[in-house]
Amino acid sequence: MKISTKGRYGLTIMMALAKKSGEGPISLKSIAKDHQLSEHYLEQLIAPLRNAMLVKSVRGAYGGYMLTKDAADITAGDIIRVLEGPISPVEVLDDEEPAKRDLWIKIRDAVKQVLDNTSLEALASYKGDEDHEYYMFYI
């Protein structure tokens, strides 16, 4: 499964809204500017997010978009499903060998588990892992 720019930029929009939660509506123009993205493309992505009732729009001079619920109650899986469709890295065929079929199901379930257990709040407040080891290679 490959996440397209729809999923990537959709997460960007939602993370930006989560970071500014409680500050009122945020314009797509400001999100586009902050992340060097096309405002026109973000406008295309916000419609399905609004239809899925993950965001709401506020009209007017100081309008923009806001999350409809707390960022802790929205998962990465919610966002990816709206923008990318069902989460299925490999098509599971009924007539496939049982061992391979079981492997595909395990992969699908593992991906779903990660996406469905990662909240928007966790993504928006992510600071980075300081425990990563970095290697220096000398040639």
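These notes cover the structure that comes with them. Everything quoted here is computed from the prediction, not taken from an experiment.

## A word on the overall build of the protein chain
Move 1: A count of helices and strands for the protein chain gives six helices and two strands.
Move 2: Tracing the protein chain from N to C terminus, the helices and strands come up as α-α-α-β-β-α-α-α.
Move 3: In summary, the protein chain has a C-alpha radius of gyration of 18 Å against a globular reference of 14 Å for 139 residues, an excess of more than 25%.
Move 4: Considering only C-alpha atoms, the protein chain reaches an extent of 60 × 50 × 25 Å along its principal axes.
Move 5: In the protein chain, buried positions account for 28% of the 139 residues.
Move 6: Taking contacts inside the protein chain between residues at least 6 apart in sequence as the whole, the part at least 24 apart equals 64%.
Move 7: Measuring between centres, the 18 positive side-chain charges of the protein chain sit 7 Å from its 21 negative side-chain charges.

## A few points about the layout of surface pockets
Move 1: In this structure, the largest pocket spans a volume of roughly 170 Å³.
Move 2: Along its surface, the largest pocket is lined by Thr 12, Met 15, Ala 16, Lys 19, Lys 20, Ile 26, Ser 30, Ile 31, Asp 34 and His 35.
Move 3: Those elements that place two or more of their residues in the lining of the largest pocket are α1 (5-19) and α2 (28-35).
Move 4: Taken together, the residues that form the lining of the largest pocket break down as four nonpolar, three polar and three charged.

## Overview of the side chain of Ser 119
Move 1: Counting through the fold element by element, Ser 119 comes out in the loop between α5 (98-116) and α6 (120-124).
Move 2: Residue classification places Ser 119 among the buried positions, given a relative accessible area of 15%.
Move 3: Side-chain polar atoms of Ser 119 contact the backbone nitrogen of Ala 122, separated by 3.0 Å.
Move 4: Not counting the four nearest positions on each side in its chain, Ser 119 is found in contact with Ala 71, Ala 72, Ile 74 and Thr 75.

## Things to note about the pairing of strand β2 (residues 64-67)
Move 1: Of the strand pairs in this sheet, strand β1 (residues 55-58) and β2 are connected by four bridges, and their pairing is antiparallel. Residue pairing for β2: Lys 56 is matched across the bridge by Met 66.
Move 2: Linking β1 to β2, which pair antiparallel, is a turn of five residues; within it Gly 60 sits at a positive phi near 115°.

## A few points about the packing of α1 against α2
Move 1: Taken N-terminus to C-terminus, the directions of α1 and α2 make an angle of 110°; their axes are 11 Å apart at the nearest point. The angle between the axes of α1 and α2 places the two elements in the roughly perpendicular class. Residues Thr 12, Ile 13, Ala 16 and Leu 17 of α1 lie in contact with α2, whose contacting residues are Leu 28, Ile 31 and His 35.
Move 2: When grouped by side-chain class, the residues that make up the contact of α1 with α2 number five nonpolar, two polar and no charged.

Thresholds applied
- In this numbering scheme, every chain counts its residues from 1 along its sequence in written order.
- Local features in this predicted model are restricted to residues of pLDDT 70 or higher, and side-chain atom pairs are both shown and tallied only at a pLDDT of 80 or more, whereas totals for entire chains, interfaces and linings draw on every residue.
- For the side-chain quantities, the full set of heavy atoms in the structure was used; hydrogens and water were omitted.
- Comment: elements are numbered from the N terminus, with helices defined as DSSP H or I runs of at least four residues and strands as E runs of at least two.
- C-alpha atoms define the radius of gyration in this analysis, and the globule rule sets the expected value at 2.2 Å times the number of residues to the power 0.38.
- Burial status follows relative accessibility: with a 1.4 Å probe on protein chains alone, a residue under 20% of its type maximum counts as buried, one over 50% as exposed, and anything between as partly exposed.
- Contact definition: two residues touch when any of their heavy atoms are within 4.5 Å.
- Residues scored as positive are Lys and Arg, those scored as negative are Asp and Glu, and His as well as the terminal groups of each chain are ignored.
- In plain terms, the charge of a residue is placed at NZ if it is Lys, CZ if Arg, CG if Asp and CD if Glu.
- Using a 1 Å grid laid over the protein atoms alone, points where a 1.4 Å probe fits but cannot get out form a cavity; open sets with protein on both sides within 12 Å along at least 5 of 7 lines form a pocket; any residue with an atom within 4 Å of a point counts as lining.
- Grid points are joined across faces, edges and corners, and a volume is the space filled by probe spheres set on the points.
- Side-chain classes are defined by residue name, with Ala, Val, Leu, Ile, Met, Phe, Trp, Tyr, Cys and Pro counting as nonpolar, Asp, Glu, Lys and Arg as charged, and the others, Gly among them, as polar.
- Nitrogen and oxygen atoms within 3.5 Å of one another constitute a polar contact, given that in protein one can donate a hydrogen and the other can accept it, and given that sequence-neighbouring residues count only through two side-chain atoms.
- One bridge is not enough; two strands pair if DSSP finds at least two bridges between them.
- Axis definition: a line fitted to C-alpha atoms, over the contacting stretch in the case of helices. Angles run 0 to 180 degrees between N-to-C directions.
- When describing relative orientation, an angle under 35 degrees is termed roughly parallel and one over 145 degrees roughly antiparallel, while 65 to 115 degrees is termed roughly perpendicular and anything else oblique.

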